[in-house]
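Structural description and commentary
Read off the chains here:
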Amino acid sequence: MPNSPSDTPRRVTVRRKGPLLVEGPVEVELEDGTVVSSDRFRVALCTCRRSRRYPWCDTSHRDRARESGES
């Protein structure tokens, strides 16, 4: 995607032990070259790879943290 001076930068918020929050709309290219998109105003991208909806976060990281006794 070419950038022009009028394009506003996308904000990506990094959360410790959580997903990446990205201001949308977004297109995500997966390892196999597949492109998935969302037109939502903000999306959560999975970083733990436990999500059943990968690359979108489904909060599976929360269950794992409770089971292992992490806070």
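Refer to the structure presented above.
My aim in this report is to walk through the structure given alongside it, one point at a time. (Residues numbered from 1 in each chain as written. Predicted model: local features only at pLDDT ≥ 70, side-chain atom pairs only at ≥ 80, totals over all residues. Heavy atoms only, no water.)

A few words now on unusual backbone geometry. Following Gly24, the chain continues to Pro25 via a peptide bond in cis, the omega torsion being 0°. Residue Pro55 follows Tyr54 across a cis peptide bond; omega there is 15°. Mapped onto the elements, Pro55 comes out in the loop between β5 (42-45) and α1 (60-67). Its identity is not glycine, yet Lys17 carries a phi of approximately 60°, on the positive side. On the secondary structure map, Lys17 appears in the loop between β1 (12-14) and β2 (20-23). A residue is classified by how much of its surface remains accessible, and Lys17, at 56% relative accessible area, is exposed. Positive phi, close to 65°, is recorded for Thr59, a residue that is not glycine. Counting through the fold element by element, Thr59 comes out in the loop between β5 and α1. Residue Thr59 is classed as partly exposed on the basis of its relative accessible area of 31%. (Helix = DSSP H or I, 4+ residues; strand = E, 2+ residues; numbered from the N terminus. Buried < 20%, exposed > 50% of the residue type's maximum accessible area, 1.4 Å probe, protein only.)

On to the side chain of Ser51, then. Here Ser51 lies in the loop between β5 and α1. Given the relative accessible area of 9%, Ser51 is considered buried. A polar side-chain atom of Ser51 sits 3.0 Å from the main-chain amide nitrogen of Arg53. Looking at Ser51, its side chain comes within polar contact range of the main-chain nitrogen of Tyr54, at 3.4 Å. If we skip the residues at most four places from it in the chain, Ser51 touches Cys46, Trp56, Cys57, Asp58 and Ser60. (Polar contact = N/O pair within 3.5 Å; in protein donor to acceptor, adjacent residues only side chain to side chain. Contact = heavy atoms within 4.5 Å.)

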